[in-house]
Structures are given as structure tokens and as C-alpha cells.
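# Chains, contacts and geometry: an overview
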Amino acid sequence: MRTLRLTLMYFRAYLRDRTAIFFSLVVPLMLLLIFGSLNLGAFGQVTVAIDDQADTAASQQFVAALQKIDTLSTKKESTDAALPRLKRTELDMLLVIPKDFAIAPTRAGQPVPTLTIFGNASRPQQVSVGESIVNEVVTRLSFAVNQAAPVVSVKEEEVQGVRLRYVDFLVPGILGVNVMQLAVFSVAFALVADKRRGVLRRIMATPLRPATFLVSQVVTRLIMATLQVLIMIGVAVFLFDVHPLGGILPLLLVCLLGSVLFLTIGFALAGWAETENQVPAIAQLITLPQFFFSGVFFSKEAAPALIRPLTDLLPLTYLNDALREISVQGATLWDVRMQLLGLVVWTAIGLALAVRFFRFDRF
Amino acid sequence: MSAIVTVRDLKKRYGDIEAVRGISFDVQQGEIFGLLGPNGAGKTTTVEILEGLRKADSGDAIVDGIDVQKQPARAKARVGVQLQQSAFPENFTAKETVELFALCYGVTVDPLALLKQVDLEDRAGQRQEKLSGGQRQRLSIATALVNKPRVLFLDEPTTGLDPQARRNLWELVRGIRQSGTTVFLTTHYMDEAEVLCDRVAVMDHGQIIAMDPPRALITALLGRGFTKPVIQQQANLEDVFLDLTGHELRED
């Protein structure tokens, strides 16, 4: 009861703190809105320029077949125009259809028309996907002409994740990174200031048990984290049409586990730091690598291979992986148990650090 | 009168520094007791041990019959505390700050009555961080009174206050003593100790070097043949200042 009332008092004070609200709610929303509306939607798409030099019925049939494929974003463009754009990496590939292009039966030994593909070397994955699609279309058209049944038929199954939009990928990462920021910064800044100004000392001069005080601080932040997560999911659902496949409740629960983890780190930092000036430096040192290597805005695979074994072990990597699997692949909490285990192990480490550094008898 | 605070052979060291070197004294119930001394004399350490905020290395500290070292939580419930720097959580109003501390002590209070007692009732809805230095010191005393303490510890309560606010605080302290609470204060303002304290202990280098009512200490000094090299004035600059600016408390 005392804990509850204390929590409500601190929560009310938190809501009045404009800076804290700005960083807890406004900044996360800005991140989501900015990155969500960036047209990185071509993430799963291959942009192809097609230079149809033949411009015959056969070539038009071929181009039409390519245009039907969702994965390709096609545009008719001359080679002269497309090559510079390819160099500027505005395109993934350029497909040149030669003048002698035809879809006709051929005899052995007779030369066949040759399609030329210019691939963007900096986007090898997209280029290889584009190439295999072009090959596939060529093969199908060949079958049609040869009147032969395909030796192998391919039944296309849509796999979730293949048509992943960037915003679908982004939302779990944004949830994870903001959970981290809120927990680390809100505790570290507020409590270092309270420590330095003697507020904690004054409270410790009352018979209040330190545990009661700590619980009120933790629960205040968990309520804020819940608000933050729900608002962000709301924006993702209603504005960006993102549908977390695994449900909102598992996402929230994983976010709260992540919050507890990063709160322990926030408390350890608050205990260690002497002044507020030390907080941003150390907090950035802790959070910045995770910002980039834990799969927030782009895949964690982007981290250099040399440090991947390490970045895979970062707390935010576990959190983002769990959130992404739930949101994008519809995983259950049981499916992501390994990631949850990772979070629990980190929480234990954080708790040990917090107990070591956040010492009430030293305030 | 009986002792409400008893200190026996109290010692505390920080590394190489002996902050408190085996001091002993009693504070009588109902008196205003002053612990005087220059900065670094060990005053704050002594007070913080009595408040249950620090552990002594050895010796006894008994407050209202409770051994502070053994039962700090019980002792904390019996005393009121104003620390040297009175700071409170931000984004709390004055009234909410009093309520917060009532909650910390597990007592129910009428926050407005307490604020009225320290002359802050018209600031009840104001954020505590927006209060002036003197107002914040009075709020600090209000929070120290929520548990109806047997002993009120004030650590340098008037440091940084203007003459009007100091006098206002002295009146407040006298009023608290009138209501039966023993007051234990530290200060390095001798005029403050002289007008306020029934008895003072002078501390230096971790030891108590004199303890008596202020008048007795002055008489003893004069008895040793001491004379001031300056002419006794009928008034001093502070009297001039107060005559010019009035005793009216300034807030903003």
C-alpha cells in the first residue's frame, strides 16, 4: 500500500517533467514517424531498369511478364540514362534486351539472343534475386514456345518475411531501442541528480525501506515503458498498417522484461556516476553500439563479421530478435525462449552491477 | 531534566582521517543544543551518526532510549532531520513534498497545518524547486516535523540565508522547542548559537574542546583576562541593515 502510494506520487511527478516526457514519448514517436515514412520500402524489392532495344511483340511480352512480378520494381529506361543511375546506386540492375530478341524455337548450334544484365556491385543480394527472376521468366517463356511440359514444376509459396516492408521490420527494432533508452537514461539522470543534490540521503534518513523506494522507482518507469510501447504500437498499426502477427501482449511482455534489464543497468550507472555530466558519456557508450549493431534500423547482419559473435550477445540484440520474431513471424513467447533466456541472463548481470554500485549507505 | 541524546566515546575514521575521535556528551530533553566548530571539525559526521545515516566505528549513540547503531529504523522514526543541503525530489509541490515524507514515515498528517506552522501555507501548490532558499529551509523543517519527532536535528540551517530569513528561522526553532521538541543544531555562526542555544559544544579536529551554556563560556573567557581589541558598539552593521530593510521576510 505504501509502495503503491509512493509509486503514484513519483509517477505524477514524472508526468510533470516535460524533459522526461519529451524523451520518453516524443522522441520515440519522432523516430518511428521519420524512419517509418522514409521510403526504404524497397528493402525487399529489386529495382530494375529495362532497356528494350528490340521493342517487338515478343520483347513486350517478356517485359510484361517481368512487370507482373511483385519483387521487381521495373522502369523502362535507355542504357545511357540507366547506367549513371546504376553507378549512383539508385538502381539495383539494368536489363538490356537486344535488337535480335525473339521467343522462337531454336536449333542446336544456332546463336540465341543474349540478355545483358548490369548489376550494382554494392547490392549483390538484390542483383542475384533479380537475375534468378529473369532466368525464371526466360525459362517459362521457353517452355511455352517449345510446347514441352516443364521437367520440374515450381509451386510458389509465399513465405512471410519475403514481402516484408521496411516498416514491418523497423517497428520491433524501434520498440526495443526506445525501451533501452527510456530505462537507462530516465533512471540514470534522475537518480544521479537526486543523489548529488542529497535527495536520496534525505529519504534514507526516514525509516522507509530502500526496497520500497526502489520498487516505486522501477514501477514508475515500467508504467512509462508500457505507455510508450502501447502508443508506438498504436501508431504502427493505425498509421503504418503494421500488424504484429504474434499479438500485442507478448510484445509488451518482452518489452517489460527488456525494461527491467536496462533499468538494472540504469541503476548501476546512477550508482557509479558522481555527477549528471558523467551520465550521458557512459550511457552513450553503453547504448550507442547497440543502437547500430543490434538490428534496430537495419539488420544485425550488417555488423562486421569479425564482431558478429559479440554483437549477437548484446542485450538489445536479444530484445530486438525476440520482438521481431513475435511481430514479423508470429512467434510465441515459447518460440523465442532462447532470446528471453539471454535477456534473463543479462538482467542477472545488470542486477549484480546495480547491487554493487547503487549503495544506499554511500549516499 | 533527563538526557534524550547520549553519546559515549564515539569514533569514526575515513581512511587516514579521524573525523570523530572518541567524543562523549548528553543533550537534555527540551533544550536547544548547538554543536559548533569550523568546517571539517566532525560536526556533520557526528550528526549523521545520530541520524542513523552513518555507522560509527565504535562507541554508543543513544537517541530517545534507542541505540541508533543497532536499530537505525526505529531511531529514524523518532527523530526529525534537516540535512545540510535540503533538497527534495523535483516536480513535487510543497504540499506533496510534505505528503511524500509523511508516507516515508508511515504517518498521516495534515500537510496544510504543517505548512502553516512554517509559514508556507500560501505556497502549498507551488513546486518546491521554485521556492526561495529560506522557503525551502522552512519546507525542510516541515518535512522534518511530519513524524512529531522527539529530537529535531538541524545541520547548518541558516547557511546561505539573508538576515531576515535567518531571524525568521530562529523564531521557528524557538517555537518548535516551545512545543516540547528537543533541537540539536550545528552551525558555524556564533551569533546564531549565542542567541538560540541553551548549551553549546565546541568541536575541533574530531574532539569536543568545550561544552557549556554560551554565557558561561563567554564569562569563563573574560575570566581568563580576555579583552577585545575593538570598542564595544551599541549596534553593528547587521542592526543597520535590518533597521534599513526591516525584519519583514523577503521571499523572491
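Residues numbered from 1 in each chain as written. Chains lettered and ligands numbered in written order. Predicted model: local features only at pLDDT ≥ 70, side-chain atom pairs only at ≥ 80, totals over all residues.

The next point concerns the overall build of chain A. A count of helical and extended segments in chain A gives 13 helices and four strands. A compact globule built from 363 residues should have a C-alpha radius of gyration of about 21 Å, whereas chain A, at 27 Å, is more than 25% larger. The C-alpha extent of chain A, read off along each of the three principal axes, is 95 × 40 × 35 Å. (Helix = DSSP H or I, 4+ residues; strand = E, 2+ residues; numbered from the N terminus. Rg over C-alpha atoms; globule rule 2.2 N^0.38 Å.)

Right, let's get into the overall build of chain B. Per the secondary structure count, chain B includes nine helices and 10 strands. For 252 residues, the compact-globule formula gives about 18 Å, and the C-alpha radius of gyration of chain B, at 19 Å, lands near that figure. The principal-axis extent of the C-alpha atoms belonging to chain B is close to 55 × 50 × 40 Å. The buried share of chain B, reckoned over its 252 residues, is 44%. Considering only contacts in chain B between residues 6 or more positions apart, those separated by 24 or more positions represent 68%. (Buried ≥ 20, exposed ≤ 12 C-beta atoms within 10 Å, placed from the backbone. Contact = placed C-beta atoms within 7 Å.)

So, about the nonpolar core. All names here are of chain A. The biggest cluster of nonpolar side chains holds 136 residues, and the ones touching the most others in it are Val184 and Ala188. The biggest single contributor to this core is helix α6 (residues 166–197), with 20 residues. If we ignore the near neighbours within four places in the chain, the residues touching Ala188 are Gly266, Leu269, Ala270, Ala273, Val279 and Ala283. Listed in part, the 14 residues of the second largest apolar core include Val46, Leu72, Leu86 and Val134. (Core = buried A, V, L, I, M, F, W, Y, C linked by C-beta atoms within 7 Å.)

Looking down a regular strand, the side chains alternate between one sheet face and the other. All names here are of chain B. Both faces of strand β6 (residues 79–82) are covered, namely the face carrying Val79 and Val81 and the face carrying Gly80 and Gln82. As judged from the four bridges shared by β6 and strand β7 (residues 151–155), these two strands associate in the parallel manner. Its bridge partner being in β7, Val81 is matched across the sheet by Phe153. (Pairing = 2+ DSSP bridges.)

Moving on: unusual backbone geometry. All names here are of chain B. Unlike most non-glycine residues, Asn91 shows phi in positive territory, near 70°. Counting through the fold element by element, Asn91 comes out in the loop between β6 and α3 (94–105). With phi around 45°, Glu156 is a residue other than glycine that occupies positive phi space. Glu156 sits in the buried class, given 21 other C-beta atoms within 10 Å.

Opposite the 19 residues of chain A that make contact, chain B presents 21 residues. Of all elements in the fold, only α1 (2–16), α6 and α7 (199–204) of chain A reach the threshold of two or more residues within the side of chain A that touches chain B.

Moving on: the environment of Met9(A). Mapped onto the secondary structure, Met9(A) falls in helix α1. Residue Met9(A) is classed as partly exposed on the basis of its 19 C-beta neighbours within 10 Å. In this structure the C-alpha to C-alpha distance between Met9(A) and Leu170(A), which are 161 residues apart in sequence, comes to 35 Å. Not counting residues within four places of it along the chain, the set of residues in contact with Met9(A) comprises Glu96(B) and Leu100(B).

Glancing now at the packing of α1(A) against helix α8 (residues 210–240) of chain A. Residue and element names in this part refer to chain A. Viewed as axis vectors pointing N to C, α1 and α8 meet at an angle of 50°, and their least axial separation amounts to 8 Å. Judged by the inter-axis angle, α1 sits oblique to α8. Regarding α1 and α8, the two cross each other, and that crossing is right-handed. Where α1 abuts α8, its residues Arg2, Thr3, Leu6, Thr7, Tyr10, Phe11 and Tyr14 lie against Thr212, Val215, Ser216, Gln217, Val219, Thr220, Ile223 and Met224. Taken together, the residues of the contact of α1 with α8 sort by class into eight nonpolar, six polar and one charged. (Axes fitted to C-alpha atoms, helices over the stretch in contact; angles between N-to-C directions. Parallel < 35°, antiparallel > 145°, perpendicular 65-115°, else oblique. Left-handed = near helix turned anticlockwise from the far one by under 90°. Nonpolar A, V, L, I, M, F, W, Y, C, P; charged D, E, K, R; others polar.)

Here the focus is the sheet that holds strand β8 (residues 182–187) of chain B. Residues and elements named next belong to chain B. Pairing in this open sheet of six strands is mixed, and the strands run β6-β7-β8-β3-β9-β10 from one edge to the other. If you trace the sheet from one side to the other, it starts and ends with β6 and β10 (207–212), each paired once. Neighbouring strand axes in the sheet, compared pairwise and without regard to direction, differ in orientation by 15° on average. Strand direction decides the pairing type here: strand β3 (residues 32–36) and strand β9 (residues 199–204), joined by four bridges, are parallel. Within the sheet, the bridge partner assigned to Leu35 lies in β9 and is Ala201. Taken strand by strand, helix α1 (residues 43–50) contacts β3, β7, β8 and β9, and its axis lies near 150° from that of β7.

A few words on the domain arrangement of chain A. What the domain assignment reports for chain A is domain 1 (2–38 + 163–362) and domain 2 (44–146). The gap between the C-alpha centroids of domain 1 of chain A and domain 2 of chain A is 47 Å. (Domains from an automatic or database assignment.)

Another point: the pairing of strand β4 (residues 58–63) of chain B. Residues and elements named next belong to chain B. Alignment of strand β1 (residues 3–14) against β4, held across five bridges, turns out to be antiparallel. Each residue of the ladder has a partner; that of Thr6, found in β4, is Ile62. Sheet topology note: the β4/strand β5 (residues 66–67) ladder contains two bridges and is antiparallel. Along β5, the bridge assignment pairs Ile62 with Asp67.

A few words on α8(A). Turn by turn, an α-helix covers 3.6 residues, leaving residues three or four places apart pointing in a common direction. Across its 31 residues, α8(A) extends 44 Å between first and last C-alpha, which sits within 8% of the 45 Å expected from 1.5 Å per residue. Listed in full, the buried residues belonging to α8(A) are Ser216(A), Gln217(A), Thr220(A), Arg221(A), Met224(A), Ala225(A), Gln228(A), Val229(A), Met232(A), Ile233(A) and Ala236(A). (Expected span 1.5 Å × (residues − 1).)

All names here are of chain B. On the basis of which strands lie adjacent, the open sheet formed by four strands has the order β2-β1-β4-β5 and antiparallel pairing. The open sheet terminates on both sides in strands that have one partner only, identified here as β2 (17–28) and β5. Pairing geometry for β1 and β2, over nine bridges, is antiparallel. Its bridge partner being in β2, Val5 is matched across the sheet by Val27.

Looking now at the confidence of the model for chain A. Residue and element names in this part refer to chain A. Mean pLDDT for chain A: 85, with 92% of residues reaching 70 or above. Confidence scores differ between elements of chain A, with helix α5 (residues 124–146) showing the lowest mean pLDDT of 78 and helix α9 (residues 248–272) the highest of 95. In this model residues 154–162 is a low-confidence stretch, pLDDT under 50, and it forms five contacts with partners more than four residues away in sequence or in other chains. (pLDDT = per-residue confidence, 0-100.)

Summarising burial for helix α9 (residues 237–245) of chain B: zero of the nine residues are buried, a small minority. Looking at the residues trailing α9(B), positive phi occurs at Gly246(B), about 85°.

Another point: the environment of Gly15(B). Residues and elements named next belong to chain B. With respect to the helices and strands, Gly15 occurs in the loop between β1 and β2. By C-beta crowding, Gly15 is classed as exposed, having 6 other C-beta atoms within 10 Å. Each C-alpha atom of the pair Gly15 and Gln135 lies 37 Å from the other, and the pair is 120 residues apart in sequence.

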